[in-house]
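Okay, here's what each chain looks like letter by letter:
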Amino acid sequence: MRARSVLVLLVFAVVTFFTQAAGAEVDREKLLKDPGVYATFAVFKVGDQWSQMDREAKAAGVMEVKKVFQKYTEKLTVDTYLLRGLSEKADFFLRVHSKEMLDNQNFLVDFMGTTFGKALKNTDTFNGITKALNYVPSFPEELKAELKTPPPQGSPYVVVVPIRKDAAWWLMSQDDRTALMKEHTDPTVAYLKTVKRKLYHSSGLDDLDFITYFETAKLDDFNNLVIGLLKVKENRHNQQFGNPLLLGTVRPLDEILEILSR
Ligand code: HEM
């Protein structure tokens, strides 16, 4: 009887050891939802060095990139976007989320160290952190309820707008900023069904104050949404809006690597 218990315990210990050693993939849903998550947006243009390589060398280079992505699945999640065709400045960008900025850096250093990575020009990088809502808790109940509208899923387009506020914005009282943010929110609720959004805070982590991220299937809606926001007083405090603004499509890594290897 005792020998059997020891055996069961031993099997349990071995299984636990190997499960942990194999490592579990990071919880993507949680990382994309939680506050206190670090995000790095890294934007790249493919150089001639890559375009001039033969097919076999490119195929080997693609495998190298996939291995680096695989190596970090326990620590972080990477979303991939194609810019080529919609931008002359860059070909694709990566959105990396993790609990430690160091992991974002280590991943990107490894990625840039691959044969493909060495042929890239890193045209822009933005860093930010996700936070709990600052103004919504003070909004009227009706508006708060509207903001719970479920966002669209599986949209093909992505837009990223880096934003820097002026000093006057930060010198305002919390109540005054809440009033202006309510005015910001009022014209946006009509777009909650077609535009999915995510906000990153960048003050002190970048030259920006915010990275605003959007996914949509309706770029016409997004265009009208932004026009609506350009008309509210809060916009007077936007010292930088875009520049660069990224417009691209949400695509899997394999598809991006295939397109960029043509
Ligand atoms: C469906 C569209 C949108 C909705 C529903 C929306 C709503 C909101 C809400 C409720 C907040 C306050 C968050 C908080 O309590 O901390 C906020 C913040 C913000 N939004 Fe929007 N927004 C939308 C689109 C946009 C767009 C298109 C931009 C600019 C490109 C933008 C830029 C910002 C910025 C920079 C903040 C942070 C302000 C701050 O914390 O000082 N938003 N938005």
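Residues numbered from 1 in each chain as written. Predicted model: local features only at pLDDT ≥ 70, side-chain atom pairs only at ≥ 80, totals over all residues.

This paragraph deals with the overall build of the chain. Looking only at helices and strands, the chain has 11 helices and 9 strands in total. Viewed in the frame of its principal axes, the chain has a C-alpha envelope of about 70 × 60 × 30 Å. In the chain, buried positions account for 22% of the 262 residues. Within the chain, contacts between residues separated by at least 24 positions form 82% of all contacts whose residues are at least 6 apart in sequence. (Helix = DSSP H or I, 4+ residues; strand = E, 2+ residues; numbered from the N terminus. Buried ≥ 20, exposed ≤ 12 C-beta atoms within 10 Å, placed from the backbone. Contact = placed C-beta atoms within 7 Å.)

Here we take up the nonpolar core. Ranked by internal contacts, the top residues of the largest apolar core, which has 41 residues, are Phe 41, Phe 92, Phe 93 and Ile 211. No other element matches the 6 residues that strand 1 (residues 38–46) contributes to this core. The contact partners of Phe 92, leaving out residues within four places of it in the chain, are Phe 44, Thr 80, Tyr 81, Leu 82, Leu 83, Arg 84, Ile 256 and Leu 260. (Core = buried A, V, L, I, M, F, W, Y, C linked by C-beta atoms within 7 Å.)

Attention now goes to the site of the ligand. In the neighbourhood of the ligand, 22 residues make up the surrounding shell, with Leu 133, Asn 134, Tyr 135, Val 136 and Thr 188 lying closest. Mapped by element, the contributors of at least two residues to the shell around the ligand are strand 5 (157–165), helix 9 (174–185), strand 6 (195–201), strand 7 (210–216) and helix 10 (219–230). In terms of residue class, the shell around the ligand is built from 16 nonpolar, 5 polar and 1 charged. (Near = placed C-beta within 6 Å. Nonpolar A, V, L, I, M, F, W, Y, C, P; charged D, E, K, R; others polar.)

Relative to the 16 Å expected for 12 residues at 1.5 Å per residue, helix 5 (residues 101–112) spans 16 Å between its end C-alpha atoms, a close match to the ideal helical length. Every buried residue of helix 5 is listed here: Asn 104, Phe 107, Leu 108 and Phe 111. Looking straight down helix 5, one finds that the buried residues subtend no more than 95 degrees of arc, so they occupy a single side. Turned more than 90 degrees from where helix 5 packs its buried face, Leu 102 and Val 109 sit exposed. In this structure, the buried side of helix 5 is in contact with strand 1, helix 4 (55–71), strand 2 (76–82), strand 3 (92–98) and helix 6 (115–118). (Expected span 1.5 Å × (residues − 1). Arc of directions from axis to C-beta.)

A few words now on helix 11 (residues 253–260). The complete set of buried residues in helix 11 reads Ile 256, Leu 257 and Leu 260. End-on, the buried residues of helix 11 take up no more than an arc of 95 degrees, which puts them together on one face. Exposed residues on helix 11 whose side chains face more than 90 degrees from its buried face are Asp 254 and Glu 255. Residues of helix 11 that are buried sit in contact with strand 1, helix 4, strand 2 and strand 3.

To continue, consider the domain arrangement of the chain. We note that the domain assignment places domain 1 (28–129 + 249–260) and domain 2 (136–248) within the chain. Each of domain 1 and domain 2 has a C-alpha centre, and these two points are 25 Å apart. Between domain 1 and domain 2, the residue contacts involve 16 residues of the former and 17 residues of the latter. Looking at the side of domain 1 that touches domain 2 element by element, the count peaks at 5 residues for strand 4 (residues 120–129). Its residues placed into classes, the side of domain 1 that touches domain 2 shows 11 nonpolar, 3 polar and 2 charged. (Domains from an automatic or database assignment.)

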